[in-house]
Amino acid sequence: MPSPKSSSRKSCSSLMPDLMARISDPKLTDSLLKIRELMGSMVPSRELQEKIPGFKTQKGIYKPQNSEYALWIRQTLTGVYQDQEPAMLPDGSWYYRYSPEGKKGETDLSLSTNRALFKSMEDGVPIGVFIQREIAGSQSTYEVMGLAYVENFDDAYFIIHGEPIDNEAEPMTSTNIPQFKPFDVENLSISKAMSRIRKIAFQTGVRRVYHEKCSLCELGYRFNGQPIGVQAAHLIPVSDQGTSKDLRNGILLCNNHHALFDRYLWTFDEDFRVIVKDDPQFRHSAENNHVLTVEGKRLPNLPDAEYDFPASEAISFRLDRFNKTYQ
Ligand SMILES: [Zn+2]
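From a predicted model like this one, the values you see are computed outputs, not experimental measurements.

A word on helix α4 (residues 192–209). Here α4 is 18 residues long and its end C-alpha atoms lie 26 Å apart, about the 26 Å a rise of 1.5 Å per residue gives. Inspection of α4 places Ile197, Ala201, Phe202, Gln203, Thr204, Gly205, Val206, Arg207, Arg208 and Val209 among the buried residues, and these make up the whole buried set. In this structure, the buried side of α4 is in contact with α1 (26–37), β4 (87–88), β12 (226–228), β13 (230–234) and β14 (250–254). Positive phi appears at histidine 211, one or two residues downstream of α4, with a value of about 55°.

We now examine the pairing of strand β8 (residues 127–133). Pairing of strand β3 (residues 72–75) with β8, which is carried by four bridges, proceeds in the parallel orientation. Along β8, the bridge assignment pairs arginine 74 with phenylalanine 130. In terms of strand pairing, β8 meets strand β9 (residues 141–153) through seven bridges, oriented antiparallel. Each residue of the ladder has a partner; that of phenylalanine 130, found in β9, is valine 144.

A positive phi angle, near 65°, is found at glutamate 218, a position not held by glycine. The residue glutamate 218 is located in the loop between α4 and β11 (221–223) in this model. According to the C-beta neighbour criterion, glutamate 218 is partly exposed, with 15 such atoms within 10 Å. Even without being a glycine, phenylalanine 272 presents a positive backbone phi close to 65°. Secondary-structure assignment places phenylalanine 272 in the loop between β15 (266–268) and β16 (274–276).

The domain boundaries assigned to the protein chain delineate domain 1 (13–162) and domain 2 (192–324). Taken over C-alpha atoms, the centre of domain 1 sits 31 Å from the centre of domain 2. Taken together, the contact between domain 1 and domain 2 spans 13 residues of the former and 18 residues of the latter. Of all elements in the fold, only β1 (42–44) and β4 reach the threshold of two or more residues within the side of domain 1 that touches domain 2.

Cut-offs and rules
- Residues numbered from 1 in each chain as written.
- Predicted model: local features only at pLDDT ≥ 70, side-chain atom pairs only at ≥ 80, totals over all residues.
- Helix = DSSP H or I, 4+ residues; strand = E, 2+ residues; numbered from the N terminus.
- Expected span 1.5 Å × (residues − 1).
- Buried ≥ 20, exposed ≤ 12 C-beta atoms within 10 Å, placed from the backbone.
- Contact = placed C-beta atoms within 7 Å.
- Pairing = 2+ DSSP bridges.
- Domains from an automatic or database assignment.

Dropping the structure here:
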């Protein structure tokens with residue numbers, strides 16, 4: 001798990017959050033909002049070429065003409081630099097290390113593209129992040145990671161920090177993961193558009209930490225770059241004000257296991273062991289269902305980092321509801 005190292009350069013983290021408001025160039029704002037809209041999706045390169053400025057011609061870091069800031073960075077499969085996979089934090093933000101550009105294999109921080117990223121860092125202006133993905137039988141396709149801040153430069157890499165689900169909150173860092181807050185108080189000041197973006201961010205974050213597969217049966221499909229048949233389920237339901245701003249209130253399930261989970265026909269305990277409803281009719285009807293195969297066993301697909309695991313408060317809320325239902 002990467003964590004930002006100390007740096008001689010100024011970090012922008014003290015300027016966070018709500019940095020979109022700092023941008024005075026409406027064209028830049030417009031382009032960044034377009035990238036935010038696409039967050040979490042896999043988009044063919046030719047589509048991005050139509051939608052995103054600079055995508056047709058530029059690799060690596062793109063700095064629009066007449067702008068002192070970078071607009072986006074992209075990682076290609078054939079890139080010469082060793083960038084690393086993003087690591088997700090419970091607030092839906094993520095860390096990603098990105099190599100500066102160079103000439104003839106040597107990093108050159110004086111290049112205008114690198115300077116533009118430093119400028120984005122110093123003024124706390126967000127950038128878009130695209131990562132090319134290998135998809136069997138598909139044309140060149142990019143995962144739109146979303147918007148991020150250039151948080152630091154550790155003398156080898158730019159430390160890129162994705163914006164959290166609650167983009168008005170201070171993003172978590174890997175060394176400072178606050179306690180889980182189980183409930184959201186409805187924020188009436190949030191626009192419909194922003195609340196839609198946050199829903200997408202929660203779904204995307206949970207999908208990423210569960211490797212795009214059902215936690216219980218490990219099924220998950222992709223077609224045309226889009227995930228099929230898996231959704232982020234809330235442990236504390238939204239109807240009980242369960243949070244959608246923290247991935248620790250979520251779990252990725254396939255349609256089948258989500259439907260049974262929603263009806264409280266199975267759940268899991270604090271050791272992530274599967275518990276199935278003790279109901280003869282249900283159990284008989286579920287004879288061929290994987291849920292009976294894993295009963296009493298640990299959920300086979302959990303996040304890589306323990307801090308992304310479902311929170312114990314959320315698990316006990318669920319377990320309590322499970323025990324009370326159908327009594
Ligand atoms: Zn499943």
